[in-house]
Amino acid sequence: MQQETCQKDLVIRKNIEKILGCFPTAKDMIVGMSHAVMEKKYRHIRTPQAAYETNYITLSEMKGLYSPESPVMLIETWIMQLSLFLDLPISKDQIKELAWLIYDDNHYLNIAEMTLVFTRIKKGHYGQFFGRIDPVEIQRWFREYRSERGIYISKLP
């Protein structure tokens with residue numbers, strides 16, 4: 001029952017105390033917010049609008065709760081999972097650098113938005129990989145997502 005409650009409340013910004021109760025350490029958060037877990041949780045979210053409107057915790061807020069490295073470590077696990085899913089190689093150095101670059105440019109995205117982008121990448125929404133994971137392409141796809149998101153936000157009242 002505790003795990004179910006944690007999954008229900010784990011990312012809603014107003015539930016910071018519940019998040020820390022469920023995930024007292026950065027390690028707990030990284031394991032509990034793996035891409036596989038988040039992908040299952042947010043399976044119903046298919047658009048930037050829906051992801052944005054969740055008002056879930058952002059990468060920057062994770063940094064404030066845990067440490068400057070914690071959202072980057074989370075992104076690293078997602079990149080490793082993407083590599084396994086695609087059966088394409090990526091070096092540890094590329095993973096670390098790409099995770100920092102993704103964080104630097106996308107720290108204001110919430111966890112549902114990050115999940116949507118990675119799920120879209122896995123589904124080939126933005127394009128495909130040719131024999132390797134291309135960090136530059138991934139960054140371009142994040143820019144494409146931010147553009148879609150910006151169009152939606154610019155139309156808000």
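Residues numbered from 1 in each chain as written. Predicted model: local features only at pLDDT ≥ 70, side-chain atom pairs only at ≥ 80, totals over all residues. Heavy atoms only, no water.

Quick question: what am I supposed to make of the overall build of the protein chain here?
Helices and strands together make up the secondary structure of the protein chain, namely 10 helices and zero strands. Counted from the first residue to the last, the protein chain has its helices and strands arranged as α-α-α-α-α-α-α-α-α-α. For 157 residues, the compact-globule estimate of 2.2 N^0.38 gives 15 Å, and the protein chain sits close to it at 15 Å. The principal-axis extent of the C-alpha atoms belonging to the protein chain is close to 45 × 40 × 25 Å. For the protein chain, the proportion of its 157 residues judged to be buried stands at 46%. Considering only contacts within the protein chain whose residues lie at least 6 apart along the sequence, 75% involve residues at least 24 apart. Entry remark: accessible area of the protein chain is about 8,400 Å², with carbon and sulfur atoms responsible for 56%. Where the 21 positive side-chain charges of the protein chain centre and where its 19 negative ones centre are 5 Å apart. (Helix = DSSP H or I, 4+ residues; strand = E, 2+ residues; numbered from the N terminus. Rg over C-alpha atoms; globule rule 2.2 N^0.38 Å. Buried < 20%, exposed > 50% of the residue type's maximum accessible area, 1.4 Å probe, protein only. Contact = heavy atoms within 4.5 Å. Areas by Shrake-Rupley, 256 points an atom, 1.4 Å probe, with all protein chains shown as cover. Lys, Arg positive; Asp, Glu negative; His and termini not counted. Charge placed at Lys NZ, Arg CZ, Asp CG, Glu CD.)

Any chance you could explain the pattern of salt bridges here in plain terms?
A pair can form between side chains of opposite charge whenever their charged atoms are brought close. Under the definition given, this model contains six salt bridges. Among the ionic pairs, Glu39 bridges to Lys122, the shortest N-O distance being 3.1 Å. Of this pair, Glu39 sits in helix 4 (residues 35-41) while Lys122 sits in helix 9 (residues 111-123); the two residues are 83 residues apart in sequence, bridging distant segments of the chain. (Salt bridge = Lys/Arg side-chain N within 4 Å of Asp/Glu carboxyl O.)

Please clarify how the confidence of the model for the protein chain should be interpreted in this entry.
Interpretation of this model should avoid reading the predicted coordinates in detail wherever pLDDT is low. Summary statistics for the protein chain give a mean pLDDT of 88 and a share of 91% for residues scoring 70 or more. Here helix 1 (residues 2-9) stands out as the least confident element of the protein chain, with mean pLDDT 53; helix 8 (residues 92-106) is the most confident, with 96. (pLDDT = per-residue confidence, 0-100.)

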